[in-house]
Amino acid sequence: MTPAAHPSFGIMTAPMQVSYEDVLRVWREADEVHAIEHAWLFDHLMPIGGDPDGPIFEGWTLLSALAAQTERLRLGLLVTSNRFRPPAVLAKIATTVDIVSGGRLDFGIGAGSRPSHPLARREYDAHGLPYRDAAQAVADLAEACTVIRRLWSETAPFDFDGENVQVTGAFGNPKPMQSPHPPIVIGGRSTPTLRVVAEHADIWNIPGGDFDDAIRRNAVVDRLCAEIGRDPATITRSIALPVSYDRPDGTRREIAEALDAGFSHVVLMLPSPYPDRVAHWVADELIDTPA
């Protein structure tokens, strides 16, 4: 198993069933709490929890607004659905957010929602977006990562004629503030997706809940890195864990288990409504208090 790096902790505020003011309050507070190093949104166009017709914000637009309203936190989407936006457009959006934030973007991306989640599946039909099968989505993700990295780094226009992605005269100007590019965070657990992780990711994220599976998936990442000659220690292991305001002891136990399993990048998913001073509560009750 790859040894864990120094742990870092972040929060996630799903931008559904909440107001902009609610999310902004939590992020501004977290920006002042140094135990919290990163903050995340997700990327859905319709709610996947609560009232299916309730409010939800577009992730990248909201992220740019929050980037302009914070100064310290690293920030990103956990994770962007590659099905929603063409890769070259996504590269331009991400570059803009990296510049607005002063170089604080962690670029999260994944293949897109699994077809078994009906509330996630419906958003594609509702927005006129194609929904390809899982194998096609992972192939698209691999080519998207290649094109996005080239747009962030190449100094002259280029063509790319992939099986799934084609661009002509593609060029990114300006470049992201971070060099060589913002860290790439890829989320997922299937073996085909983990092959893309081994090839492209700086950080790999998996949802928590089944630690035995997370440990198995972690070993798969190590093996796939070895197959392509990459040092698996160059990929930070990230896990997203649900937070219980009523039972923080249970959340603390999950954090300890995740750290013991080699996941050093911990994203704490905050349920709404958000209590007053919730970022301070996270630091005091979950990060600074041992299990």
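Only a predicted model underlies this, so the values are computations on that prediction, with no experimental measurement involved.

Summing up its helical and strand segments, the chain has nine helices and 11 strands in all. What you see for the chain is a C-alpha radius of gyration of 18 Å, in line with the 19 Å of a compact globule of 291 residues. Referenced to the eigenvectors of the C-alpha coordinate spread, the extents of the chain come out at roughly 55 × 40 × 35 Å. Split into buried and exposed, the 291 residues of the chain put 53% on the buried side. In the chain, of all internal contacts separated by at least 6 residues, the share reaching a separation of at least 24 is 74%.

As a further point, take the layout of surface pockets. What the second largest pocket holds in volume is close to 300 Å³. Along its surface, the second largest pocket is lined by 14 residues, and Asn82, Arg83, Arg85, Arg132 and Asp140 are the ones closest to its centre.

On to unusual backbone geometry, then. The peptide bond linking Ser179 to Pro180 adopts the cis configuration, its omega dihedral lying at 5°. Along the polypeptide, Pro180 turns up in the loop between strand 7 (166-170) and strand 8 (184-187). For the bond running from Ser272 to Pro273, omega is 5°, close enough to zero to count as cis. The topology assignment puts Pro273 in the loop between strand 11 (265-269) and helix 9 (278-287). Phi at Gln17 is positive, roughly 60°, even though this residue is not glycine. In the Ramachandran plot, Arg277 falls in the positive-phi region, its phi being about 55° despite a non-glycine side chain. Tracing the chain through its elements places Arg277 in the loop between strand 11 and helix 9. On the basis of relative accessibility, which here comes to 52%, the residue Arg277 falls in the exposed class.

Procedures and definitions
Residues numbered from 1 in each chain as written. Predicted model: local features only at pLDDT ≥ 70, side-chain atom pairs only at ≥ 80, totals over all residues. Heavy atoms only, no water. Helix = DSSP H or I, 4+ residues; strand = E, 2+ residues; numbered from the N terminus. Rg over C-alpha atoms; globule rule 2.2 N^0.38 Å. Buried < 20%, exposed > 50% of the residue type's maximum accessible area, 1.4 Å probe, protein only. Contact = heavy atoms within 4.5 Å. 1 Å grid on protein atoms, 1.4 Å probe; cavity = no way out; pocket = protein on both sides within 12 Å on 5 of 7 lines; lining within 4 Å. Points joined across faces, edges and corners; volume = space filled by probe spheres on them.

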